[in-house]
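Commentary on secondary and tertiary structure
One letter stands for each residue in the lines below.
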Amino acid sequence: MENAGHAPQILTAKAAGLVGCVQCGRVHRPGVMVCDRCGAAIASRDTTSVQRVWAWLFAGLVVYVPANIYPMLRTTVLGKTSESTIFGGVVDLMHHGSYGIAAIVFFASIIIPCSKFAAIAFLALSVQRKVRMSAGARHKLYEVVEFVGRWSMIDVFVVAILASLVQLDFAASINPGIAAVSFAVSVAFTMISAESFDSRLIWDADEDEHHG
Amino acid sequence: MAEPQPAEMKIEGPKRSFWRNLSLAWLVPIGALAVTMGVAWQSYAERGTVIEIRFENAAGVVPEETTIHYRDVTVGLVEKVEFTPDLSSVVVTATVDDVVASGLTSDAQFWVVRPEVSASGISGLSTVLSGVYIEAGFDPKAEGDSDAVRTTSFEGLDSAPLVKPGMRGTRIVLRAKSGSQLSAGAPIFHQGIEVGRIEEPRLIDSGNGVIADAFIDSPYDKRLTTATRFWDTSGFNFSLGAGGFNFSVESLASLIRGGVSFGTVFSGGSPVPSRYVFDLFDDEQSAQDSVYSDLTDNAVTLSAAFDQSVSGLSVGSPVTYSGLRVGQVQALGAFIDDSSGEQEVKLRASISIDPRAFGLESDTPQEDTLDFLGNEIADGLRARLASEGLFSTGLMIELITVPNAEAPFAFDAADPQIPSVESNIADLTTTAQGVFSRIDNLPIEEMIDQITATLGSIERLVGNEDLQKVPGSVNGLLADARGVIGSEGIQTLPDELSATVSELRGIAEELRTADLVGTLTRALDSAANAADTVNAMAGDLEGATSEIPTLVAEARALVQKANTLPLDSFVAQATELLDSADALIDSDDTRALPGALARALDEAQGALAELRQGGVVENTNATLASARDAAAAIEEAAGTLPALSQRIGTLVAQAETTLGGYEANSDFNRETVNALREVRQAAEALTRLSRQIERNPNSLLFGR
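All of these numbers come straight from a predicted model, not from anything done at the bench.

1. Overview of the overall build of chain A
What chain A contains, in helices and strands, is seven helices and six strands. The buried share among the 212 residues of chain A stands at 31%. For chain A, long-range pairs separated by at least 24 residues make up 63% of all intrachain contacts whose partners lie at least 6 apart in sequence.

Okay, here's the thing in structure tokens:
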């Protein structure tokens, strides 16, 4: 594996004239449409993968906009209602000196979603156009995106817990805003987007590059 | 390692078209986009209209927190608070619901509601917790008005307006000499009911007065006419006058904040337009008096000349007719009257008279008014000075109709004059004095003397000696009565009655016709005869009474004689003697002759002693003693009276008990009892008489 960046040394199922099952890894003869071990639908390459990636990615982006514009929390204390957006909450936390929490919220709610959008877009583009990044690095990037996706729900969890705990009628109450729903949907959409990506396309692109 | 063989390639058909190849996943972003756009549109639609309000200061206004209320409903939110470019005021930018924003015209008012504690109460308490809010006020009716100018830029008020736009009523202006009676928010009363409020007073530009806007709520504003007057009721008011001490406080709030009242002081006012200016008077009286002082546009001016001093009369003094105020004095002056041949200074007062006071229309031409007054003057209308009040030194001019007045000089409409008559100012004191002197002159003492004398003669009549003969006769009468009662028939009657009580009831009719009844009737007759005797005797008494005065006259003559004894002349002689003695002593000869003096004095003393020893005094004493003896005799005689009356009493009681046994309702019984009662009364009178004599036996003699 010292030459992990150079795929040509590795024989892919496609190159061997076979079709591999994505779920269980068994290879089949071409023409078999269903994996005879695990029953999953098999295809040499998922031709609609990139389309779906883009579709979900766009959906995630669309709902990410109201998630940032609309208030995440609606806090009512003694009849005075205040609403805070994600970024507004970060700024408030910084003003109160809670830099650590501010950093966590900022990282989980803004940095991670944004970089996920960028990463998925980059990967989707990389199978259609030539990019400089090696196939291995792109694989690693894809794995990171897949792994980190669920952790960006941290903000939604905080809102859900606060809203259910702090319901003290007039004294204080916290209700989720539109942004909480939008954000959760956005995270879900980007996860589906990442899931839709057929990582085998990275190899094909790499091969095309080497074979000229 | 065998070279791997390429797998058989799966040959696919021609590439499907772009649309056929399109994934269903694209529906997701489209749906997401639609939902997001929907939310965004909703937010945009609810965003409302952005308005700007300029405030002097924005205490308590917090962006994103302070709300805008209209009729206590939240209709907007403050977005930001910033300064105008020149830093002269604060601009509050807020979004307001479109529904409300469409009604906002340039008349709309905005003010910040803060907690406030004032004399009239506490307001804005809810803002203590929730923070201040901005209240909007505008007249919703203006919405359909084409004149109304829609705008999004407003001037905020420093404090809540007393009159919120949209309130119905009439706005007026009050003009006062000083603002001390006026304070913002002070109530306006009408017949004790709060019907409006005063706004912040401000100085008139010219500086000599204060004006304040005021607002009278509907429907009370209908009471406002040109006949309406406003007066100050702030604080308390007390007055001391002929009517007594008067103290009044309108209400506690007006005591602290001041307040005004209004009332209609005459009828026939016309409705007032908005922002009509009313003058504020110091009190109700001056407000009512003002009617003739400031409504004399059409008044006519007459002059009246007076011979007497007009001290106390001043410009503005009232002119009254039959107690009604009809005008006032306009000017005072003097002029030289030479109509009577010689020059004479007379005082002249110009008086203006309101035509309405005489029931004429307010727009009556002056000529007509003067004609009317001329006729009145021809009929005897005159002016005279009169005192303004019982305790007032001020004067007023009184118009009176003098019957049979001497013909006045010709009334000249160009120089109208009203003739004057002698005033009756001085009469008051003289009248009062006259009343007192008349009371003083009443012959009270004579009256008392008369009454005393009358009482004395009555006493003398009662005390007459002849009255003492009465007991004897009465005694005889009673003996007769006792004889009747003691007769056997009556004595045995009770026994018979008790023995045959049932029989008696059965033959009650028989009993009445029996001899017994006849006897009783005869007894009754004899009792009546006895009564007649008493009456006859009373007649005798009257005859005897005429003798009393002669008796008294004799006694008095006796005393008179004692009085007229020549004591005086004796004393006079003695005095003369002493005088001559004095003269003698004064003379030089006497001094030279002390011995002679001593003798002379001895002589004088001797003469006086003789006088003292003379029978005069003894005579008098004897007379008085005999009188006293007479009184004693009377007393003695009177001593027998009580016993007599007592005897009568017991007799009567006896008779009563005896008769009580008879049927209570029979006529005989009743009459007998009545007769007895009269007898008893006579006895009681005797007792009283005897007591009187016992107490003061001399009264018979001296009539006192």
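2. So, the overall build of chain B
Broken down by element type, chain B carries 21 helices and 24 strands. Here chain B, with 704 residues, has 20% of them falling under the buried criterion. Considering only intrachain contacts with a sequence separation of at least 6, the fraction spanning at least 24 residues in chain B is 70%.

3. Quick look at the environment of Gln288(B)
Summarising the element assignment, Gln288(B) is placed in helix H6 (residues 284–293). Distance from Gln288(B) to Phe230(B), taken between C-alpha atoms, is 9.6 Å for residues 58 residues apart in sequence.

4. Observations concerning the interface of chain A and chain B
Contacts between the two partners involve 22 residues from chain A and, on the opposite side, 19 residues from chain B. Counting only elements with at least two residues in the side of chain A that touches chain B, the list comes to helix H1 (49–69) and helix H6 (178–196) of chain A. For the side of chain A that touches chain B, the per-class residue count stands at 15 nonpolar, five polar and two charged.

5. Quick look at the sheet that holds strand S13 (residues 210–217) of chain B
Residues and elements named next belong to chain B. Within the closed barrel, the seven strands sit side by side as S10-S13-S12-S11-S17-S14-S18. Their pairing is mixed. Between one strand and the next, the sheet's axes are offset by a mean angle of 35 degrees, whatever the strand orientation. With six bridges joining them, strand S12 (residues 193–203) and S13 adopt antiparallel strand pairing. Across the sheet, the residue bridging to isoleucine 198 is alanine 214, located in S13.

6. Re the environment of Ser89(B)
Residue and element names in this part refer to chain B. Looking at the element boundaries, serine 89 is found in the loop between strand S3 (73–83) and strand S4 (90–96). Classification of serine 89 by C-beta neighbours within 10 Å gives partly exposed; the count is 16. With 34 residues separating them in the primary sequence, serine 89 and phenylalanine 55 have C-alpha atoms 5.9 Å apart.

7. So, helix H7 (residues 366–378) of chain B
Residues separated by three or four positions in an α-helix point in the same direction, a consequence of the helix having 3.6 residues per turn. Residue and element names in this part refer to chain B. With 13 residues, H7 extends 18 Å from end C-alpha to end C-alpha; this agrees with the ideal 18 Å at 1.5 Å per step. Turning to H7, its buried residues number three or more, namely Thr369, Leu370, Leu373 and Ile377. Around the axis of H7, the buried residues are gathered within 95 degrees of arc, so they sit on the same side. Turned more than 90 degrees away from the buried face of H7, the exposed residues are Glu367 and Asn375. Looking at the packing, one finds that the buried side of H7 touches strand S19 (300–306) and strand S23 (381–387). One or two steps after H7, the chain reaches glycine 380, where phi turns positive at roughly 115 degrees.

8. Topic: the nonpolar core
Buried together is how nonpolar side chains tend to be arranged in soluble globular proteins. Trp56(A), Ala59(A), Val63(A) and Ile120(A) are the most contacted members of the largest nonpolar core, which totals 43 residues. Put simply, the parts of the chain that give this core at least two residues each are H1, helix H2 (86–95), helix H3 (99–126), helix H4 (135–148), helix H5 (154–165), H6 and helix H7 (200–211) of chain A together with helix H2 (27–46) of chain B. Top element by residues in this core is H1(A). It accounts for twelve residues. Contacts of Ala59(A), omitting those with residues within four sequence positions, involve Phe189(A), Val28(B), Pro29(B) and Ala32(B). Counting 23 residues, the second largest nonpolar core, distinct from the first, contains Ile51(B), Ile53(B), Val100(B) and Leu104(B).

9. Concerning the confidence of the model for chain B
Caution is warranted with low-pLDDT regions, since their predicted coordinates should not be read in detail. Residues and elements named next belong to chain B. Of all residues in chain B, 58% have pLDDT values of 70 or greater, and the mean over the chain is 72. No element of chain B has a lower mean pLDDT than helix H13 (residues 508–513), at 49, and none a higher one than S4, at 90. Overall fold confidence (pTM) sits at 0.43, and the ipTM for the predicted complex is 0.77.

Procedures and definitions
- Residues numbered from 1 in each chain as written.
- Chains lettered and ligands numbered in written order.
- Predicted model: local features only at pLDDT ≥ 70, side-chain atom pairs only at ≥ 80, totals over all residues.
- Helix = DSSP H or I, 4+ residues; strand = E, 2+ residues; numbered from the N terminus.
- Buried ≥ 20, exposed ≤ 12 C-beta atoms within 10 Å, placed from the backbone.
- Contact = placed C-beta atoms within 7 Å.
- Nonpolar A, V, L, I, M, F, W, Y, C, P; charged D, E, K, R; others polar.
- Pairing = 2+ DSSP bridges.
- Axes fitted to C-alpha atoms, helices over the stretch in contact; angles between N-to-C directions.
- Expected span 1.5 Å × (residues − 1).
- Arc of directions from axis to C-beta.
- Core = buried A, V, L, I, M, F, W, Y, C linked by C-beta atoms within 7 Å.
- pLDDT = per-residue confidence, 0-100.

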